[in-house]
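Listed below are the residues making up each chain.
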Amino acid sequence: MKRGIYPGSFDPVTKGHVDVIERAARIVDELYVGVLNNSAKNSLFSINERVSMIEEITAHIGNVRVSSFNGLLVDYMEEIDARIIVRGLRAISDFEYELQIAQTNSRVNPNVETIFLTTNLKYSYLSSTIVKEFASYGGDISHFVPEQLVDRIYAKYGRTAPQGK
Ligand code: PNS
C-alpha cells in the first residue's frame, strides 16, 4: 500500500490546497493530510478547526484521511507508516525552501521520498497568508477558498461576506 502525506499548516485550507489533495489522492493508495500543530505559530484557526474544515471539504475523496501531528514530519510518517511526502510548488520562489526541507527529510530518513505537484495555474498566486490579509480587510475571498469555509474565515475577523458574494 502506497501511503502518502500532504503536510502543511492549512491556516486556512485554500482551493490551491484542495487541488493538490485531489491530484495526490489519485497517485497514492491512501493520502493523509497532515496538519502541523505548531504552538509557536500564531494560527488563525485552532488545530481542531483546521482538521475539521479539511475533513469537510475532502469528504468526497474516499482515500483521504485528515490528522494532526506534532514534532518532526519524518517521525510522524514512521508512526503512520507513510513513505511519500507530497508538496505543492507554486513558483520558483517556493523551490529553494522546499528543496531544503525535502533534502533534510531524506537525509534523516532515506526511505522517505518527496514528490512535488506543480500547482494548477489558476491558483499559482494563492496562499493562506493572502486569504487572511484579504479577509481581514473585508475583501472578496470567494475565489480563494471552498465556499463552505468563506463565512467561517470572515467570522474570525468579526466580518461577514461582502454584499452580493
Ligand atoms: O504549509 P507550510 O507551513 O508551508 O508547511 C510546512 C511543513 C508543515 C510541511 C513543515 O514545516 C514541516 O514539515 N514541519 C514539521 C517539523 C519538521 O519536520 N521540520 C523539518 C523540516 S526541515
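Residues numbered from 1 in each chain as written. Predicted model: local features only at pLDDT ≥ 70, side-chain atom pairs only at ≥ 80, totals over all residues. Heavy atoms only, no water.

A. The arrangement of a nonpolar patch on the surface in detail. Together, Ile92, Phe95 and Leu99 line one region of the surface with nonpolar side chains, adding up to about 290 Å² of accessible area. Its location among the elements puts Ile92 in helix α4 (residues 92-108). Judged by relative accessible area, Ile92 falls into the exposed class, the value being 74%. (Patch = residues over 30% accessible without salt bridge, like charges linked within 9 Å, V, L, I, M, F, W, Y side chains within 5 Å. Areas by Shrake-Rupley, 256 points an atom, 1.4 Å probe, with all protein chains shown as cover. Salt bridge = Lys/Arg side-chain N within 4 Å of Asp/Glu carboxyl O. Helix = DSSP H or I, 4+ residues; strand = E, 2+ residues; numbered from the N terminus. Buried < 20%, exposed > 50% of the residue type's maximum accessible area, 1.4 Å probe, protein only.)

B. Expanded view of the pairing of strand β3 (residues 64-69). Pairing of strand β2 (residues 30-36) with β3, which is carried by 6 bridges, proceeds in the parallel orientation. The residue bridging Tyr32 from the neighbouring strand is Arg65, located in β3. For the handedness criterion, the β-α-β arrangement of β2, helix α2 (residues 47-57) and β3 is classed as right-handed. (Pairing = 2+ DSSP bridges. Right-handed = clockwise from strand over helix to strand, strands pointing away.)

C. Representation of helix α3 (residues 73-80). For α3, the set of buried residues is Leu73, Val74, Tyr76, Met77 and Ile80. Viewed along the axis of α3, the buried residues span an arc of 160°, placing them on a single side of the element. With respect to the buried face of α3, the exposed residues turned more than 90 degrees away are Glu78 and Glu79. The inward-facing, buried residues of α3 abut β1 (3-8), β2, β3, β4 (84-89) and α4. Asp81, located one to two residues past α3, shows a positive phi value of around 60°. (Arc of directions from axis to C-beta. Contact = heavy atoms within 4.5 Å.)

D. Looking closely at the layout of surface pockets. Estimated volume of the largest pocket: approximately 1,100 Å³. Around the largest pocket, the lining comprises 41 residues; the ones closest to its centre are Pro7, Gly8, Ser9, Arg87 and Tyr97. For the lining of the largest pocket, the secondary-structure elements that each account for two or more residues are β1, α1 (15-25), α3, β4, α4 and α5 (128-136). (1 Å grid on protein atoms, 1.4 Å probe; cavity = no way out; pocket = protein on both sides within 12 Å on 5 of 7 lines; lining within 4 Å. Points joined across faces, edges and corners; volume = space filled by probe spheres on them.)

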